[in-house]
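Coordinates in review
The residues making up each chain are set out below.
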Amino acid sequence: MTKYGPYPVITAKEAASFIKDGHTVGFSGFGAAGGAKAVPYALADKAESEHRKGRPFAMRVLTGASSGLAIDEVLAQSGAISWRAPYQTGRSLRKQINNQDVEYVDMHLSHVPQAMLFGFFGKMDAAVVEASEVTPDGRVYLTTSIGISPTMLALADKVIIEINTVQSPRLREMADIVTLPPPPHRDPIPIAHPMSRIGVPYATVDPKKVAGVVLNSEPDTVSEFSQPNQVSRQIAGHLVEFLASEMKAGRIPKEFLPLQAGVGNVANGVMGVLGTHPDIPPFSMYTEVFQDSQVELMQQGRLLGASATSLNITEDALGVIVDNMDFFAKRLILRPQELSNHPGIIRRLGVIAMNTALEMDIYGNVNSSHVYGMDIMNGIGGSGDFSRNSYLAVFMTPSIAKDGRISSVVPMCPHIDNGEHSVQVVVTEQGLADLRGLGPLLRAKKIIENCAHPMYRDYLFRYIENSRAGHIPHDLNKCFELHRNLMETGSMLPGLSA
Ligand code: 0RQ
């Protein structure tokens, strides 16, 4: 038998044979970065083969956040997932969740390691973790993401390490790993700056738990975001103007505050524009996902340093980092997600959080996860970790979707994941509404006037006029009329389109 140090080298199929129907299995990866890529395919084959024989095979699956194709597409398509947490972005899995074929726990990402530690999800049977090296004494050098891997390695009964030979061993130079002890035995976390290093570059595993090493050479598959379109540029324009005026007013210090940027096309586009604007000084980031647009900003000296848990970047962008590691290793830190998204640190550093909403209501409640309040899009992800604890919580969205058939400003969101108490600024391509210090009625007027698309403004103003008075005026017969119209006719205001 071939050996990798003291560990047996096994095939992905052999690794899959350790995993049984009903097992809770953790896979490394945060977004498509650093995910297990060989064993999930073998598990998909195993599931299909078991199903053909009329036998059940489905796992309870945990990852740091969303996954690459291997899990939320391939494993999902083979019916190998019965339960999933804490976040996903796969089309196939999304369909299964909305059909109630898969149970989905959509949760704040910073909560996941502690929930695992205390057994909120039951015991963890196995972990499959991508690494560039595992040493005989159990040091595991992770690759492009940290996520929940340190916790999985500590808790899982059986561990399979996928050694990925195309991931550069130098990625470890960015890793800064600490696992928090259980409460109430926690000391203050000494992160006083986004670039504070407090840990070691490796996670640890008890070598006796390592069932085998699978060799693999598949790169991460992160798809490219579209170039910032006109709408993203307009959103970014309003936001930059606002942030610059906050600096002038002394409400943001001259050295600026660390930024967090959410996922998606809009957030990626906004970062690109914001990062190059002359009114915004060079800044740092305390965020969870490092994206393509930030690589160039770092090379240009606009982005001074970034702390994240994942390099969710395309192969080309990763190539740039690896080829210039002496430069990037000083400026990029990858932490476990309980630290990248830690509420206390986010509050301490004064992070400005910028996340994307699907829709917002006229009072500033945000829905970023559930269409019609019923169908999951992706999940809350880390947006709540950041918005609830930030210095300023900004939510952005185009004012309309689907050629105007959907308004992103509605009377009441049928699902709220970031509530009015955690939302301070909302922005669309129409403009920005600074909600700080305003009561509900003034918030509503500002959001409708500044952010709603002109096609929907009359409807929204009429809604307030005809609502029952109260601290937050509403008409409970009409509050979901736009959503009902959309479901029944395909348009929120039948007959209207942009
Ligand atoms: O539909 O895919 O059919 O074209 O939603 O919309 O405008 O491309 O937006 O890619 O920026 O994603 C909120 C989903 C935005 C994302 C969300 C339709 C629209 C389109 C996508 P198509 P866009 P983006 C920390 C931060 C939650 C997690 C998070 C997200 C599709 O940002 O998942 O913030 N956020 N994490 O047409 C119905 C509406 C709609 C709508 C848009 N009101 N109703 N559909 N769409 N508005 C990072 C992590 O946690 C990793």
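Residues numbered from 1 in each chain as written. Predicted model: local features only at pLDDT ≥ 70, side-chain atom pairs only at ≥ 80, totals over all residues. Heavy atoms only, no water.

Each helix and strand counted, the protein has 17 helices and 28 strands in total. Over its C-alpha trace the protein gives a radius of gyration of 23 Å, about what one expects of a compact globule, namely 23 Å for 498 residues. Seen along its three principal axes, the alpha-carbon backbone of the protein occupies a region of about 75 × 55 × 45 Å. By residue count, 59% of the 498 residues in the protein fall in the buried class. Excluding contacts between residues fewer than 6 apart, the proportion of contacts in the protein whose partners are at least 24 apart in sequence is 72%. (Helix = DSSP H or I, 4+ residues; strand = E, 2+ residues; numbered from the N terminus. Rg over C-alpha atoms; globule rule 2.2 N^0.38 Å. Buried < 20%, exposed > 50% of the residue type's maximum accessible area, 1.4 Å probe, protein only. Contact = heavy atoms within 4.5 Å.)

With that out of the way, let us pick up the pairing of strand β4 (residues 59-62). Successive side chains on a regular strand alternate, one facing one side of the sheet and the next facing the other. Of the strand pairs in this sheet, strand β3 (residues 24-27) and β4 are connected by 3 bridges, and their pairing is parallel. Directly across from V25, in β4, lies its bridge partner V61. With helix α2 (residues 39-52) bridging β3 and the parallel β4, this β-α-β connection has right-handed handedness. When β4 meets strand β5 (residues 81-85), the two strands line up parallel, connected through 4 bridges. (Pairing = 2+ DSSP bridges. Right-handed = clockwise from strand over helix to strand, strands pointing away.)

Our next topic: the layout of surface pockets. Remark: the empty space left among the atoms is shown by a probe the size of a water molecule rolled over them. Counted as a void, the second largest pocket has a volume near 480 Å³. Lining the second largest pocket are 22 residues, and of these Q227, N268, D292, S293 and E296 lie nearest its centre. Looking at the lining of the second largest pocket element by element, the count peaks at 6 residues for helix α9 (residues 292-299). When grouped by side-chain class, the residues that make up the lining of the second largest pocket number 7 nonpolar, 10 polar and 5 charged. (1 Å grid on protein atoms, 1.4 Å probe; cavity = no way out; pocket = protein on both sides within 12 Å on 5 of 7 lines; lining within 4 Å. Points joined across faces, edges and corners; volume = space filled by probe spheres on them. Nonpolar A, V, L, I, M, F, W, Y, C, P; charged D, E, K, R; others polar.)

A word on the environment of P473. Inspection of the secondary structure puts P473 in the loop between α16 (454-465) and α17 (481-489). When its relative accessible area of 8% is taken as the criterion, P473 is described as buried. In the structure, P473 is positioned 62 residues away from P411 in sequence and 9.9 Å away in space, judged by C-alpha atoms.

Below, the discussion takes up the UniProt feature "binding site: CoA" (unreviewed entry) in the protein. The sites that UniProt annotates as "binding site: CoA" (unreviewed entry) are G262, V263, G264, N265, V266, N378, G382 and K402. In three dimensions, the annotated residues from a span of 141 residues occupy distinct locations, with a maximal C-alpha spread of 25.9 Å. For G262, the location among the structural elements is in the loop between β12 (259-261) and α8 (265-276). When its relative accessible area of 6% is taken as the criterion, G262 is described as buried. With respect to the helices and strands, the residue N378 is situated in the loop between β22 (375-376) and α14 (383-387). Discounting residues that sit within four places of it in the chain, N378 has contacts with Y87, Q88, T89, R94, Y104 and S369. (UniProt positions renumbered as here; feature names shortened; annotations may be inferred.)

We now examine the pattern of salt bridges. Considering all chains together, one arrives at 16 salt bridges under this definition. One salt bridge in this structure joins E133 and R172, with 2.9 Å as the shortest N-O distance. Of this pair, E133 sits in strand β7 (residues 126-134) while R172 is found in the loop between β9 (158-164) and β10 (203-204), placing the two residues 39 residues apart along the sequence. Judged by relative accessible area, which is 27%, E133 ranks as partly exposed. The salt bridge partner of R436 is D434, with a shortest N-O separation of 2.9 Å. By relative accessible area, R436 is classed as partly exposed at 29%. A cluster of three or more residues bridged by salt bridges with shared partners is formed by E246, R251, D434 and R436. (Salt bridge = Lys/Arg side-chain N within 4 Å of Asp/Glu carboxyl O.)

Close to the ligand lie 26 residues, the nearest being E288, L358, N378, G382 and K402. Between the ligand and G382, the relevant distance is 2.9 Å, taken from an oxygen atom to a main-chain nitrogen or oxygen of the residue. Here the ligand, which alone exposes 1000 Å², has 80% of that area covered by the protein. Elements with a contribution of two residues or more to the shell around the ligand: α8 and β18 (352-356). Per-class residue counts for the shell around the ligand are 12 nonpolar, 11 polar and 3 charged. (Near = heavy atom within 4 Å. Polar contact = N/O pair within 3.5 Å; in protein donor to acceptor, adjacent residues only side chain to side chain. Areas by Shrake-Rupley, 256 points an atom, 1.4 Å probe, with all protein chains shown as cover.)

Turning our eyes to something else, we now look at the confidence of the model for the protein. Close reading of the predicted structure is inappropriate where its pLDDT is low. Averaged over every residue, the pLDDT of the protein is 96; the share at 70 or more is 99%. Model confidence for the complex is summarised by a pTM of 0.96, with the ipTM given as 0.97. (pLDDT = per-residue confidence, 0-100.)

With that settled, the discussion passes to helix α4 (residues 91-98). Regarding α4, the residues found buried are S92, L93, R94, Q96 and I97. Against the buried residues of α4 lie α3 (69-77), β5, β6 (103-104) and β22. Of the residues trailing α4, Q100 is marked for its positive phi of about 65 degrees.

The grouping of L117, F118 and F120 at the surface amounts to a nonpolar patch, some 320 Å² of accessible area in total. Within the secondary structure layout, F120 lies in the loop between α5 (112-117) and β7. For F120, a relative accessible area of 62% translates into the label exposed. (Patch = residues over 30% accessible without salt bridge, like charges linked within 9 Å, V, L, I, M, F, W, Y side chains within 5 Å.)

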